[in-house]
Amino acid sequence: MARETNPTELETKEQKYVRLPTFLEQGFSALKRDVVDKRICSLCGTCATFCDKIRISEKELKPELVEEYDTICGLCYAFCPRTFLPLAEIERKIFGNEEARKKAEGDVLGIYRGCYAVKSKKEDIKGQDGGAVTSLLAYALEAGIVDCAVTTASDDQWRPLPKVAKSYEDLKQSAGTKYTIYPGVVGIKEAMEAGCENIGFVGLPCQIQGLRKVQTSEQPYEVGKERIKLLIGLFCMDNFKEELLDFVRDKLSLDLERVRKFDIKGKEFLVYDEEGKVYAIALDEIKRYESEGCSVCMDYTAELADISVGSVGSEDGWSTVFAHTEKGEEIVEGAVEKGYIKAKEIEEKGMGLVRRLGESKRKRGER
Ligand SMILES: Cc1cc2nc3c(=O)[nH]c(=O)nc-3n(C[C@H](O)[C@H](O)[C@H](O)COP(=O)(O)OP(=O)(O)OC[C@H]3O[C@@H](n4cnc5c(N)ncnc54)[C@H](O)[C@@H]3O)c2cc1C
Ligand code: SF4
Ligand code: SF4
């Protein structure tokens, strides 16, 4: 009589000798079917960063396969933030702390250890709001927590470009918000190719989601995820197609080289020129340029980042900062101690506003 197989023994053997890719047989064609063709791609760039066979087409601004043959390795499908997002699982791996996770369950602001209103103490940092992002990254570089930061700079027409910032001067050049969509995560590939071992990244909530999936997915490929050390997320309600820039230039008859800052305040899109003149365009007027992929997005405050930063919630000239992870909290505290930033409490009213906007984004995304 044949001996009955002991299931525990078998499981142990399988785990030891056969490590199957978790997402086998969901290749680019599945990504195209489930995300790109459904027009929910956020253009985060994660798929093209970690697979050489995918590029973002410059003409259509969407991911496409470079070769005819889809290897179906499953990497792009596993990393894309729009295929599936196992939030509880990712949170467990990043934050650990069961109690904090239970307390935050359902809260639009997610799990955080501290929140602050922050202003840079460096006079030469001209940030979008309080210059918190640039100053926190400058501290992380100086402290050796990262050896580069992947940021978003722009050309003279305000088109966003990834930048691998390795110095204080590089960081200063990336300060300020660029309001048009582009696959910012690809800067991580540049940083890896440049040999950076401790990479910091600043980006939008969808990009942070993609990178957290990269860090936490169980798959057998070497993609260099251990080199990604710090994620700073920006609050984000919407992002816009590149055509917005043409519209602004034509509407205001303004050469974009002369623009020093774009901003959104209340219901207006504001354009500041080099002479300090401010032009206001109603948000309703630029609604048609909103990126399609943003319509399903539910994360306003980049809940999964180490640190997230926005303007809403603090007075003008200050940034609202959430430290989500222990590392994030240490960086904020270190930056205060070393004189990069000053930090104070956020008023209840400010927190209420962030929460309300977070709730409205979540509701919009659920529809
Ligand atoms: C598309 C977009 C929408 C936003 N919407 C909101 C909102 O609804 N509510 C809110 O409170 N805040 C929003 N923000 C965040 C806000 O505009 C500021 O970026 C934030 O307050 C940080 O200001 P700071 O002075 O601390 O940053 P700074 O020190 O000026 O640094 C800004 C950093 O942002 C990075 N960056 C700029 N543009 C982009 C981009 N397109 N993609 C990725 N990284 C970029 C730069 O690399 C730089 O490192 C948005 C930002 C973006 C890019
Ligand atoms: S959402 Fe990001 S990862 Fe997914 S298909 Fe679009 S660019 Fe690729
Ligand atoms: S709204 Fe969401 S999908 Fe759109 S850019 Fe912002 S974070 Fe990404």
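A. Quick peek at the site of ligand 2. Taken together, 16 residues form the shell around ligand 2, and within it Cys 41, Cys 44, Thr 46, Cys 47 and Cys 80 come nearest. At the level of elements, helix H2 (28-36) and helix H3 (46-50) are the ones that each hand at least two residues to the shell around ligand 2. When its residues are assigned to classes, the shell around ligand 2 shows 11 nonpolar, four polar and one charged.

B. Examining the domain arrangement of the protein more closely. Taken domain by domain, the protein holds domain 1 (28-241 + 290-366) and domain 2 (243-282). Spacing between the C-alpha centres of domain 1 and domain 2 amounts to 25 Å. Each partner contributes residues to the interface: domain 1 has 10 residues there, and domain 2 has eight residues. For the side of domain 1 that touches domain 2, the class distribution of residues is three nonpolar, four polar and three charged.

C. Quick peek at the environment of Pro 63. Mapped onto the elements, Pro 63 comes out in strand E2 (residues 63-65). Excluding residues within four positions of it along the chain, Pro 63 makes contact with Val 36, Cys 41, Cys 47, Ala 48, Ile 54 and Ile 56.

D. Layout of unusual backbone geometry. We note that Arg 39 has phi near 60°; this positive angle belongs to a residue other than glycine. Looking at where Arg 39 falls in the secondary structure, it is placed in the loop between H2 and H3. For Leu 43, which is not glycine, the phi dihedral falls at a positive 60°. Within the fold, Leu 43 resides in the loop between H2 and H3. Look at Leu 43 and you get buried, because 25 C-beta atoms sit within 10 Å.

Definitions and limits used
Residues numbered from 1 in each chain as written. Chains lettered and ligands numbered in written order. Predicted model: local features only at pLDDT ≥ 70, side-chain atom pairs only at ≥ 80, totals over all residues. Near = placed C-beta within 6 Å. Helix = DSSP H or I, 4+ residues; strand = E, 2+ residues; numbered from the N terminus. Nonpolar A, V, L, I, M, F, W, Y, C, P; charged D, E, K, R; others polar. Domains from an automatic or database assignment. Contact = placed C-beta atoms within 7 Å. Buried ≥ 20, exposed ≤ 12 C-beta atoms within 10 Å, placed from the backbone.

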